[in-house]
Amino acid sequence: MTSTPAFPSSPDEHLLRENTRATLRIQSRMLAATRAFLTGRGFQELLPPVIGPVTDPGIRGSKQVDVDFYGHKYKLMTSAILYKQASLLAFDKIFYIAPNVRLEPLETAVTHRHLAEFHQIDVEIRDARREDAMEVAEQLVAYVVDEVVRELPGDLELLGRDTDAFREVVQGVFGRTTHKEATADLVALGHPQDPGAEIDWQGEEIISAKSSRPFFVVDYPKGSRGFYDREDPGQPGVLRNFDLIAPEGYGELASGSEREHDYAALVTRMRETGENPAKYGWYLDLARRGIPASSGFGIGLERFTRYVTGRTAVWEASAYPKVPGVVSA
Ligand code: AMP
Ligand code: MG
């Protein structure tokens with residue numbers, strides 16, 4: 001990773017930096033490659049909603065932003081998960097490039113990986129298993145990295161990013177470990193990882209730094225994720241989900257899962273996760289009539305860009321960065 005420049009005092013200071021321009025050129029190419037990869041495999045791109053009566057509650061410590069919608073309390077999307085499931089009524093394979101707003105806790109301003117506004121490459125596949133979604137995520141990451149390495153070597157060089165780092169990424173399958181194994185490794189390394197919780201960003205950074213290639217962590221425990229991650233019928237308390245972790249300390253790139261779509265199970269899971277089902281009117285109405293089974297994932301675009309470009313902080317991968325608590329353009 002290169003050293004972090006000071007947070008810019010104005011948009012022009014940021015945008016006119018040579019490093020910012022190279023990073024954003026690479027990001028633009030990553031988006032074009034993402035669209036080429038997914039549409040080439042039969043995925044339909046839809047534009048995601050920005051506001052709605054409810055949004056993804058599975059965002060742990062961060063807060064949602066309310067919008068006054070003609071006297072009704074709407075939310076800015078923290079993620080488009082509920083709409084991804086709904087979209088599969090019309091199309092078998094969909095993706096969005098979706099903006100998300102999450103008021104992350106103030107202490108995350110210094111993690112180098114949290115923005116209050118970011119984007120996800122959001123993918124959902126009807127009648128797919130978790131393993132199908134993992135394969136698409138793996139191939140998508142390899143395709144995008146390969147295209148950047150081939151097409152923009154000058155920008156990578158300008159940023160000091162050694163393209164050898166990617167040689168292993170574009171070849172072969174990514175490894176996988178379970179949440180249980182990752183927790184045991186972290187505890188053995190002296191990191192106090194709770195076996196019943198999401199791996200915190202410090203823990204992700206530790207396991208990420210030990211690897212030279214991306215890898216999956218699967219089987220997160222119930223209670224660590226949103227109500228829409230499906231519980232494994234063969235392993236009660238374990239979810240059919242995954243994270244994709246970037247190597248070299250860059251940490252989490254994506255989260256995904258097989259989805260819960262059964263009406264009664266969704267209501268139970270909402271209650272278990274402290275959500276009031278009455279708030280989810282349109283979504284539960286659809287579920288009662290039948291939402292398709294599916295699997296999918298969301299890759300954080302700025303985090304993916306940070307990894308590809310080797311930048312120190314994720315805000316360097318945004319044209320108009322919003323760092324938690326920092327007033328900016
Ligand atoms: P999540 O649903 O929280 O797993 O978010 C999906 C993906 O979005 C993550 O795997 C990250 O790559 C990205 N992401 C989540 N929160 C943030 C954030 N505060 N800033 C930047 N990227 C994020
Ligand atoms: Mg996640």
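What counts, and where the lines are drawn
- Residues numbered from 1 in each chain as written.
- Chains lettered and ligands numbered in written order.
- Predicted model: local features only at pLDDT ≥ 70, side-chain atom pairs only at ≥ 80, totals over all residues.
- Heavy atoms only, no water.
- Helix = DSSP H or I, 4+ residues; strand = E, 2+ residues; numbered from the N terminus.
- Rg over C-alpha atoms; globule rule 2.2 N^0.38 Å.
- Buried < 20%, exposed > 50% of the residue type's maximum accessible area, 1.4 Å probe, protein only.
- Areas by Shrake-Rupley, 256 points an atom, 1.4 Å probe, with all protein chains shown as cover.
- Lys, Arg positive; Asp, Glu negative; His and termini not counted.
- Charge placed at Lys NZ, Arg CZ, Asp CG, Glu CD.
- Contact = heavy atoms within 4.5 Å.
- Polar contact = N/O pair within 3.5 Å; in protein donor to acceptor, adjacent residues only side chain to side chain.
- Pairing = 2+ DSSP bridges.
- UniProt positions renumbered as here; feature names shortened; annotations may be inferred.
- Phe/Tyr/Trp six-rings, centres within 6.5 Å; stacked < 30°, edge-to-face > 60°.
- 1 Å grid on protein atoms, 1.4 Å probe; cavity = no way out; pocket = protein on both sides within 12 Å on 5 of 7 lines; lining within 4 Å.
- Points joined across faces, edges and corners; volume = space filled by probe spheres on them.
- Nonpolar A, V, L, I, M, F, W, Y, C, P; charged D, E, K, R; others polar.

**Details of the overall build of the protein**
The helix and strand inventory of the protein stands at 10 helices and 11 strands. The C-alpha radius of gyration computed for the protein amounts to 19 Å, which stays within 12% of the reference 20 Å derived for 329 residues, consistent with globular compactness. Along the first, second and third principal axes, the C-alpha atoms of the protein reach 55 × 50 × 45 Å. For the protein, buried positions account for 53% of its 329 residues. Carbon and sulfur atoms make up 53% of the accessible area of the protein, which totals about 14,100 Å². When the 38 basic and 48 acidic side-chain charges of the protein are each reduced to a single mean position, those positions are 2 Å apart.

**Details of the environment of His114**
Mapped onto the elements, His114 comes out in the loop between strand S5 (93-101) and strand S6 (117-126). Among the residues examined, His114 registers a relative accessible area of 13% and is labelled buried. The sequence separation of His114 and Leu103 amounts to 11 residues, and the corresponding C-alpha distance is 9.8 Å. Residues in contact with His114, not counting those within four places in the same chain, are Glu104, Thr108, Trp201, Arg303, Val314 and Pro324. Among the polar contacts listed, one links the side chain of His114 to the side chain of Thr111, at a separation of 2.7 Å.

**So, the pairing of strand S11 (residues 294-300)**
The buried fraction of S11 amounts to 7 of the 7 residues, a majority that puts the element mostly inside the structure. Where S6 lies against S11, 7 bridges are found, and the strand directions are antiparallel. Paired with Asp122 across the bridge in S11 is Gly298. Pairing of strand S10 (residues 251-258) with S11, which is carried by 5 bridges, proceeds in the antiparallel orientation. The residue of S11 that forms the bridge with Glu258 is Ser295.

**Quick look at unusual backbone geometry**
Positive phi, normally seen in glycine, also occurs at His112, with a value near 70°. One non-glycine residue, Glu248, lies in positive phi territory at about 60°. Within the element layout of this structure, Glu248 appears in the loop between strand S9 (241-246) and S10. Among the residues examined, Glu248 registers a relative accessible area of 30% and is labelled partly exposed.

**Looking at the UniProt feature "domain: Aminoacyl-transfer RNA synthetases class-II family profile" (unreviewed entry) in the protein**
Under the present numbering, the feature "domain: Aminoacyl-transfer RNA synthetases class-II family profile" (unreviewed entry) in UniProt falls on residues 24-321. Along residues 24-321, the helical share is 33% and the strand share 20%, with 12 Å between the first and last C-alpha atoms.

**Points about the packing of aromatic side chains**
Counting across every chain of the model gives 13 aromatic pairs. Seen in terms of ring centroids, Phe166 and Tyr307 are 5.7 Å apart; in terms of plane orientation they differ by 80°. Their pairing is edge-to-face. One end of the pair, Phe166, is in the loop between helix H5 (153-158) and strand S7 (175-178); the other, Tyr307, is in helix H10 (residues 301-309), and 141 residues separate them in sequence. Assigned by exposure class, Phe166 and Tyr307 land together as buried. Taking the centre distance of 5.6 Å and the plane angle of 85° together, the rings of Phe216 and Phe242 count as edge-to-face. Of this pair, Phe216 sits in strand S8 (residues 215-218) while Phe242 sits in strand S9, and the two are 26 residues apart along the sequence.

**Considerations on the layout of surface pockets**
If a probe the size of a water molecule is rolled over the atoms, the empty space left behind becomes visible. Its boundaries defined by the atoms lining it, the largest pocket holds a volume of some 930 Å³. Arg60, Arg102, Glu198, Glu252 and Arg303 are the residues nearest the centre of the largest pocket, which is lined by 45 residues in total. For the lining of the largest pocket, the secondary structure elements donating two or more residues are helix H3 (81-87), S6, helix H7 (201-209), S10, S11 and H10. For the lining of the largest pocket, the element with the highest residue contribution is S10, accounting for 6 residues. Its residues assigned to classes, the lining of the largest pocket comprises 15 nonpolar, 13 polar and 17 charged.

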